[in-house]
Amino acid sequence: MALSLTEVPTDAEVISQLVEKTLTSGMLVEVYLMKYPRHYEAALFIDGHYKHGPPVPRPLDNPTEAAAFWMGVRPKVGLSQVEGDEILGAVNVQNMIHHCNFIDKWGVVEDV
């Protein structure tokens, strides 16, 4: 686990690291399992800083061998099929074990 994570959402608790990799740019990318009051989700950190974005990896429209999923907003970070599956599996298992009803509504615009 990173020595210091910054900007962690106030209602979240960092549970465990799911993925760690260094990008070609040299930035350290880490994805952590996070516990919120009513569910679990994943969170992206770049060089220890929390990055907003979807709570689980999203599939790419045009996946490649190197990247099949993405997380984060400005910058988006590509994740391999294995990394994406590992993150999705960990989040889904924790929500199932703890009987949490997690619905990914990130980016969904509701009709008024």
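Not measured: the values here are computed from a predicted model.

Reading the values: rules and limits
Residues numbered from 1 in each chain as written. Predicted model: local features only at pLDDT ≥ 70, side-chain atom pairs only at ≥ 80, totals over all residues. Heavy atoms only, no water. Helix = DSSP H or I, 4+ residues; strand = E, 2+ residues; numbered from the N terminus. Rg over C-alpha atoms; globule rule 2.2 N^0.38 Å. Buried < 20%, exposed > 50% of the residue type's maximum accessible area, 1.4 Å probe, protein only. Contact = heavy atoms within 4.5 Å. Areas by Shrake-Rupley, 256 points an atom, 1.4 Å probe, with all protein chains shown as cover. Lys, Arg positive; Asp, Glu negative; His and termini not counted. Charge placed at Lys NZ, Arg CZ, Asp CG, Glu CD. Pairing = 2+ DSSP bridges. Phe/Tyr/Trp six-rings, centres within 6.5 Å; stacked < 30°, edge-to-face > 60°. Lys NZ or Arg CZ within 6 Å of the ring centre and 35° of its normal. Patch = residues over 30% accessible without salt bridge, like charges linked within 9 Å, V, L, I, M, F, W, Y side chains within 5 Å. Salt bridge = Lys/Arg side-chain N within 4 Å of Asp/Glu carboxyl O. Expected span 1.5 Å × (residues − 1). Arc of directions from axis to C-beta.

Caption draft 1: Structural view of the overall build of the protein. Of the regular secondary structure elements, the protein holds 1 helix and 7 strands. Scanning the protein from its N terminus toward the C terminus, one meets helices and strands in the order β-β-β-β-β-β-β-α. Relative to the compact-globule value of 13 Å for 112 residues, the protein shows a C-alpha radius of gyration of 14 Å, a close match. In terms of overall dimensions, the protein has a C-alpha envelope of 40 × 35 × 30 Å along the principal axes. Per-residue burial over the protein gives 38% buried out of 112 residues. Considering only residue pairs separated by 6 or more positions, the protein has 40% of its internal contacts joining residues 24 or more positions apart. Carbon and sulfur atoms provide 54% of the accessible area of the protein, an area that totals close to 7000 Å². Charge-centre separation for the protein: the mean point of 8 positive side chains lies 6 Å from the mean point of 15 negative side chains.

Caption draft 2: The arrangement of the pairing of strand β1 (residues 13-22) in detail. One ladder, built from 8 bridges, connects β1 with strand β2 (residues 28-35); its direction is antiparallel. In the strand pairing of β2, Val-14 is matched with Met-34. Between β1 and β2, which pair antiparallel in sequence order, lie 5 residues; one of them, Gly-26, sits at a positive phi of approximately 95 degrees.

Caption draft 3: Fine view of unusual backbone geometry. Cis geometry is adopted by the peptide bond preceding Pro-75, which originates at Arg-74 and carries an omega value of 5 degrees. With respect to the helices, strands and loops of the structure, Pro-75 is situated in the loop between β6 (69-71) and β7 (77-79). Positive phi outside glycine occurs at Glu-7, with the angle close to 65 degrees.

Caption draft 4: Here's a closer look at the packing of aromatic side chains. In the structure shown here, the tally under the stated rule is 2 aromatic pairs. Counting every residue linked through ring pairs, the aromatic cluster contains Tyr-32, Phe-45 and Tyr-50. The ring of Trp-70 carries the charged tip of Lys-76 above its face, separated from the ring centre by 4.4 Å.

Caption draft 5: Highlighting a nonpolar patch on the surface. On the surface, Val-93, Met-96 and Ile-97 cluster together into a nonpolar patch covering about 300 Å² of accessible area. Position of Met-96 relative to the elements: it lies in helix α1 (residues 81-97).

Caption draft 6: Looking closely at α1. Between its first and last C-alpha, α1 extends 24 Å over 17 residues, near the 24 Å set by a 1.5 Å rise per residue. For α1, the complete set of buried residues consists of Glu-83, Gly-84, Ile-87, Ala-90, Val-91 and Asn-95. End-on, the buried residues of α1 take up no more than an arc of 135 degrees, which puts them together on one face. Opposite its buried face, α1 presents the exposed residues Val-82, Met-96 and Ile-97, each directed more than 90 degrees away. In this structure, the buried side of α1 is in contact with β1, β2, β3 (40-46), β6 and β7. Two residues or fewer past α1, His-99 is found with a positive phi of approximately 55 degrees.

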